[in-house]
Amino acid sequence: MALADPTRRAIFEKLATGGSSVADVARSLPVSQPAISQHLKVLKEAGLVRDEPEGRRRIYSIDPAGLGPLRQWLDRFWEGQLAAFKAFADSDAAAAAGPAKPEP
Amino acid sequence: MHRIEPAPVVKSVTVSASPARAFEIFASGMGDWWLKTHSLTTSGQKTVVVEPRAGGRWYEIGTAGEEKEWGRVLAYEPPHRILFAWQLNADWDFDPQFQTEVEVTFEAIADGGTTVRLEHRDLANYGAKAEEARGSLDTEGGWAGLLQAFAAKAG
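So, a few notes on the structure that sits alongside this text. Bear in mind that the values here come from a model prediction, so they are computed numbers and not experimental data.

Definitions and cut-offs
- Residues numbered from 1 in each chain as written.
- Chains lettered and ligands numbered in written order.
- Predicted model: local features only at pLDDT ≥ 70, side-chain atom pairs only at ≥ 80, totals over all residues.
- Helix = DSSP H or I, 4+ residues; strand = E, 2+ residues; numbered from the N terminus.
- Buried ≥ 20, exposed ≤ 12 C-beta atoms within 10 Å, placed from the backbone.
- Contact = placed C-beta atoms within 7 Å.
- Pairing = 2+ DSSP bridges.
- Axes fitted to C-alpha atoms, helices over the stretch in contact; angles between N-to-C directions.
- Core = buried A, V, L, I, M, F, W, Y, C linked by C-beta atoms within 7 Å.

Some thoughts on the overall build of chain B
Phase 1 of the analysis: Scanning chain B for helices and strands turns up four helices and seven strands.
Phase 2 of the analysis: The secondary structure elements of chain B, listed N-terminal to C-terminal, are β-α-α-β-β-β-β-β-β-α-α.
Phase 3 of the analysis: Looking at chain B as a whole, 30% of its 155 residues are labelled buried.
Phase 4 of the analysis: Long-range contacts, defined here as pairs at least 24 residues apart, represent 37% of the contacts in chain B between residues at least 6 apart.

See below:
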């Protein structure tokens, strides 16, 4: 995954403390700017990071809609739970509509 | 410190039951519909308990009788709304110091059914815990460790 690479993880953790330009990231890590740009591209494609123009620079930050796999996991988790809830509630309603159903 | 504000997870379903009945099934009957594959018990989930009051416990009971805390009930307002504190951290451990909110609302629709909307919010708190935990974790620590733990559970 995108965060398995230690340099990308370091970049991601740097962005977790606030939005940063490529130059900002380069100042805090012993990595060249072109390499950082490449890593940011991977993080962006993984949906973990987004960028916005600010003057002539681009500011990178953690994608608030993403939060990576954790948020995606929760999304799928609740999708499944609500589907199970619906299946149970609808069968319960169907049974209730029929003749005399004892309350549980 | 910049605070990460991830969008909440929002889901909704429409059921044919009335809001009152849907609320009852959701809260009192959670153990009847909860997917038993998602359980923290070692013996397998027997049921889930939502204590019907603000301040109540939210927990599951295993077939061997053991109890596993999930969080608390913050608001219990049948037939409209229930608000939970979800206190399972990214490692699936109950942590009373950790809290995200799960709000479920029940809205009547024209044909007598109900739209049930669920919002899991304050997800930034996962990030806050990750920041806090980073120092004590090894090389797999920090964000990546937490995210990988989640990915592994999700697998």
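So much for the structure itself; the text now carries on.
A look at the overall build of chain A
Phase 1 of the analysis: Looking only at helices and strands, chain A has four helices and two strands in total.
Phase 2 of the analysis: Starting at the N terminus and walking to the C terminus, you meet the elements of chain A as α-α-α-β-β-α.
Phase 3 of the analysis: The proportion of buried residues among the 104 residues of chain A is 30%.
Phase 4 of the analysis: Sequence-distant contacts in chain A: of pairs separated by 6 or more residues, those separated by 24 or more amount to 41%.

Comments concerning the pairing of strand β6 (residues 100-108) of chain B
Residue and element names in this part refer to chain B.
Phase 1 of the analysis: Note that strand β5 (residues 81-86) and β6 share six bridges and pair antiparallel. Each residue of the ladder has a partner; that of F84, found in β6, is V102.
Phase 2 of the analysis: For β6 and strand β7 (residues 114-121), the ladder comprises eight bridges, and the chain directions are antiparallel. The partner of E107 across the bridge, within β7, is T115.

Let's talk about the sheet that holds strand β2 (residues 45-50) of chain B
Residues and elements named next belong to chain B.
Phase 1 of the analysis: The seven strands are arranged β1-β7-β6-β5-β4-β3-β2 in an open sheet whose pairing can be described as antiparallel. At either margin of the open sheet sits one strand with a lone partner, and together these are β1 (9-15) and β2. When the angles between neighbouring strand axes are averaged without regard to direction, this sheet yields 20°.
Phase 2 of the analysis: Sitting on the sheet, helix α1 (residues 19-27) is in contact with β1, β2, β5, β6 and β7, with an inclination near 150° to β6.

Re the environment of P79 of chain B
Residue and element names in this part refer to chain B.
Phase 1 of the analysis: Here P79 is to be found in the loop between β4 (67-77) and β5.
Phase 2 of the analysis: For P79, a count of 18 C-beta atoms within 10 Å translates into the label partly exposed.
Phase 3 of the analysis: For the pair P79 and A20, spaced 59 residues apart in the sequence, the C-alpha separation amounts to 4.7 Å.
Phase 4 of the analysis: Apart from the residues within four sequence positions on either side, P79 is in contact with P19, A20, F23 and F106.

Focus on the nonpolar core
Phase 1 of the analysis: By size, the foremost hydrophobic cluster in this structure holds 23 residues, and its most contacted members are A22, F26 and V116 of chain B.
Phase 2 of the analysis: Elements with a contribution of two residues or more to this core: α4 (68-97) of chain A together with β1, α1, β2, β5, β6 and β7 of chain B.
Phase 3 of the analysis: Counting residues per element, this core draws most heavily on α1 of chain B, which supplies five residues.
Phase 4 of the analysis: Ignoring anything within four residues of it in the chain, the contact list for A22 of chain B reads A89 of chain A together with V15, A17, F106, T114 and V116 of chain B.

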